[in-house]
Amino acid sequence: MITGIVLAAGESKRMGEPKMLMPWGKSTVLQTVISTLQAAGINDVLVITGGNHEQVESLIGKTVQTVYNENFSKGKC
């Protein structure tokens, strides 16, 4: 089995807003990444969250598995 891992744990300090939540076409960057992986046949998708994890997790709901990295601000696992 192949697992797609999406890193969405950053704080987006330089951008000023969460990059993965920004609009992209008719959805968001994160939703586009997930749907692209799934369209490629990768049905096991894991999203690593950190900064803005509540927003990220509410956006994707239970469509994929999420793991919260509580050390996201340190840049470590």
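The structure under discussion appears in the preceding block.
Right, let's walk through the structure included here. (Residues numbered from 1 in each chain as written. Predicted model: local features only at pLDDT ≥ 70, side-chain atom pairs only at ≥ 80, totals over all residues. Heavy atoms only, no water.)

Focus on the environment of Val45
With respect to the secondary-structure elements, Val45 resides in strand β4 (residues 44-49). Between the C-alpha atom of Val45 and that of Thr63, which follows or precedes it by 18 residues, the distance is 8.8 Å. Contacts of Val45, omitting those with residues within four sequence positions, involve Gly4, Val6, Ile34, Leu37, Gln38, Val64 and Gln65. (Helix = DSSP H or I, 4+ residues; strand = E, 2+ residues; numbered from the N terminus. Contact = heavy atoms within 4.5 Å.)

Some remarks on the layout of surface pockets
Approximately 200 Å³ is the volume attributed to the largest pocket. Looking at the largest pocket, it is lined by 15 residues, and the ones nearest its centre are Ala9, Gly10, Glu11, Ser12 and Lys19. Along the lines of polarity and charge, the residues of the lining of the largest pocket split into seven nonpolar, four polar and four charged. (1 Å grid on protein atoms, 1.4 Å probe; cavity = no way out; pocket = protein on both sides within 12 Å on 5 of 7 lines; lining within 4 Å. Points joined across faces, edges and corners; volume = space filled by probe spheres on them. Nonpolar A, V, L, I, M, F, W, Y, C, P; charged D, E, K, R; others polar.)

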